[in-house]
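These are the residues of each chain, in order.
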Amino acid sequence: MENILEVKNLNKQYNDFALQDISFNIPKGMIMGFIGENGAGKTTTIKAILNIIKKYTGEIKIFGLDNRQNSAQINAEIGVVLDDSFFPEIMTPADIAKSMPKIYPTWDSALYQKYLQEFSLPQNKQIKTFSKGMRKKLEIVTAIAHHPKLLILDEPTSGLDPVARREVIDIFQNFIQNEECAILLSSHITTDLEHIADYITFINKGKIILSSSKDDLLNNYGIVKCTEKEFNQFAKTDYLKYVKNKYDYEVLVPNKKEFPKKYPIKVIDKITLDELMIIMIKGEK
Amino acid sequence: MIGFIIKDLAMIKSNFKLLGLLIIVYLFLGLSGEMDISFILPFMSVMIMISTFSYDSYNKWDAYAVTLPNGRKNSVKAKYLATFIIIILMTVITTLSAFLITYIKTKTLNYPDIILNMLGTAIGILVVEALMYPFIYKFGLEKARIGIFIVVFGIVIFGGFILNYVDIPDISLNFLENYWPIILIVIISLMLYLSYRISLRINLKKEY
């Protein structure tokens, strides 16, 4: 399968934080959910992909092109929602409608207007009068109105109520119907990713600790809840992490079908992405 | 790049009401003979452009601009061109207002004086902005103010030192008398171009 985005051995050093050997790919037609706690390195990775930060080592290819050598060509075909950067808030959606067609040759004014109406975003009100959810919707509409092939979205659903989140997710799902496109979606709201992501990449303290197909992850990983005595029987190679609670142990196992064959455990709970994140970050080995 | 200029001009339009008010005040004070505030409108162009940097910074526009096609380059180029457009606009409005005031008061028009006065103000403002912008791109608006202060202060001290302590030979510059407008325009153009190249270089390397 052809990759639309390839990140290989990305390293970036700050005084108090480092991205270490970040590698992952997004094939065409796929949505990659990028998860991790605050400060884990999601936004830094996205900034490197977008050339917002430049001094790093490693290789990033978008549409098969080096992202630093071909940024103009690449930028024309990507749509971006950043966590906290956008047009100045004294501008209006109508101002954006005048500016963007001169920036993107493929800007689709009719599509932009259609989504503005669909999301009830007023044309002539300054962005500063918008609620957080309205701003986010405007950022998303602006990101997709030039028919990009790759969407890079940093927390695009934060601040949205459940109804709006569903509307936005529907847009992303429509977008991905064209199998030439792909989405990199960083989010804290992992339930959204459970709905739409094909792959999950999990970053913690600047390192990728897991990158897998979502279905593999949710079908194979599980949580064993057991006593201390039962836990002490488990070989370290058979589980990934555990959390010791007041009365029991929660143990993350990577193969919930095989685990009961080795140990007398009857119930293994399905895992959610939230639980996975918590155990991977807080758990011990 | 036109899209980026439209964005800057769209930000400026929110100042139009204030500008309209200032033009009325200017005309009123000019006609009543109270005082000459002809510098105030061109000076406003500095304030207006600074406010666009301020809004850009508040909403972290520069990081977003990097993700747009040729964003690093075009956002800088657009800022300089928008500045130029605003200064010309303000200078034209002030010049026409000055003509109107002079004509109503004296029934005559003193073209050369008014035009020279306005041209001098516009050039002064262009120099200020050419000095300021690289600092703003390098250090951000807040820290740039300190940098600009240091540069202006440095120029004054250095100039004062040269004039007071260095024996400057008496060279006749009379032959330049007829060419000074051209020389001035060339110097200002070079200064602006140099300022643009420095700002561009800073922005091309900057991490947001």
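Keep in mind that what you see is a predicted model, and the values were worked out from it rather than measured.

Reading the values: the criteria
- Residues numbered from 1 in each chain as written.
- Chains lettered and ligands numbered in written order.
- Predicted model: local features only at pLDDT ≥ 70, side-chain atom pairs only at ≥ 80, totals over all residues.
- Heavy atoms only, no water.
- Helix = DSSP H or I, 4+ residues; strand = E, 2+ residues; numbered from the N terminus.
- Buried < 20%, exposed > 50% of the residue type's maximum accessible area, 1.4 Å probe, protein only.
- Expected span 1.5 Å × (residues − 1).
- Pairing = 2+ DSSP bridges.
- Axes fitted to C-alpha atoms, helices over the stretch in contact; angles between N-to-C directions.
- Contact = heavy atoms within 4.5 Å.
- Lys, Arg positive; Asp, Glu negative; His and termini not counted.
- Salt bridge = Lys/Arg side-chain N within 4 Å of Asp/Glu carboxyl O.
- Polar contact = N/O pair within 3.5 Å; in protein donor to acceptor, adjacent residues only side chain to side chain.
- Domains from an automatic or database assignment.
- Buried area = accessible area lost by both parts, 1.4 Å probe.
- Nonpolar A, V, L, I, M, F, W, Y, C, P; charged D, E, K, R; others polar.

Asks: When you look at the overall build of chain B in this model, what are you seeing that I'm missing?
Replies: Within chain B one finds seven helices and zero strands. Starting at the N terminus, the α and β elements of chain B follow one another as α-α-α-α-α-α-α. Counting only C-alpha atoms and orienting by the principal axes, one finds that chain B spans roughly 55 × 50 × 30 Å. For chain B, the residues scored as buried account for 39% of the 208 residues in total.

Asks: Where do I start with helix α3 (residues 40-58) of chain B in this structure?
Replies: Residues that lie three or four places apart on an α-helix share one face, since the helix turns once every 3.6 residues. Residue and element names in this part refer to chain B. Between its terminal C-alpha atoms α3 stretches 26 Å, which fits the 27 Å expected from 19 residues at 1.5 Å a residue. Every buried residue of α3 is listed here: L41, P42, M44, S45, V46, I48, M49, I50, T52, F53 and D56. Where α3 terminates, the next one or two residues include K60, which has phi positive at roughly 50°.

Asks: Help me understand the sheet that holds strand β13 (residues 249-253) of chain A, please; the structure alone is not making it clear to me.
Replies: All names here are of chain A. Read across the open sheet, the four strands follow the order β12-β13-β11-β14; overall the sheet is antiparallel. Where the open sheet ends on each side, the last strands, each with one partner, are β12 (241-244) and β14 (268-270). Each strand axis lies, on average, 25° off the axis of its neighbour in the sheet, ignoring direction. Summarising the sheet, strand β11 (residues 222-226) and β13 pair through five bridges and their orientation is antiparallel. Note that in β13 the partner of C226 across the bridge is Y249. On top of the sheet, helix α11 (residues 273-282) reaches β11, β12, β13 and β14; it is set at about 105° to β13, its chief contact.

Asks: I keep staring at the sheet that holds strand β5 (residues 65-66) of chain A and nothing clicks. Help me out?
Replies: Across a sheet, paired strands are connected by hydrogen bonds in the backbone, their directions being either parallel or antiparallel. Residue and element names in this part refer to chain A. Here four strands make up an open sheet; going across it, the order is β2-β1-β4-β5 and the pairing antiparallel. Edge positions in the open sheet fall to β2 (18-27) and β5, since each of these has one partner strand only. When strand β4 (residues 57-62) meets β5, the two strands line up antiparallel, connected through two bridges. Paired with K61 across the bridge in β5 is D66.

Asks: So what exactly am I meant to see when it comes to the side chain of A:K42 here?
Replies: Residues and elements named next belong to chain A. In this structure, K42 sits in helix α1 (residues 42-49). Nearest to the buried, unbridged K42 among oppositely charged side chains is E155, at 4.3 Å. Within polar-contact distance, the side chain of K42 engages the backbone oxygen of G36 at 2.7 Å. Leaving out residues up to four positions away in the same chain, K42 has contacts with F34, I35, G36, E37, E155, S186, H188 and I203.

Asks: I tried to follow the domain arrangement of chain A on my own but got confused; where do I start?
Replies: Reports often express the size of an interface as the amount of accessible area lost when the parts come together. Residue and element names in this part refer to chain A. What the domain assignment lists for chain A is domain 1 (3-213) and domain 2 (221-282). Relative to domain 2, the C-alpha centre of domain 1 lies at a distance of 34 Å. Each partner contributes residues to the interface: domain 1 has twelve residues there, and domain 2 has eight residues. With both chains or domains summed, domain 1 and domain 2 bury close to 920 Å², and 76% of this area falls on carbon and sulfur atoms. Area buried by domain 1 at its contact with domain 2 is led by T190, F202 and L210, which between them contribute 43% of it. Joining domain 1 to domain 2, the criterion identifies zero salt bridges. By residue class, the composition of the side of domain 1 that touches domain 2 is six nonpolar, four polar and two charged.

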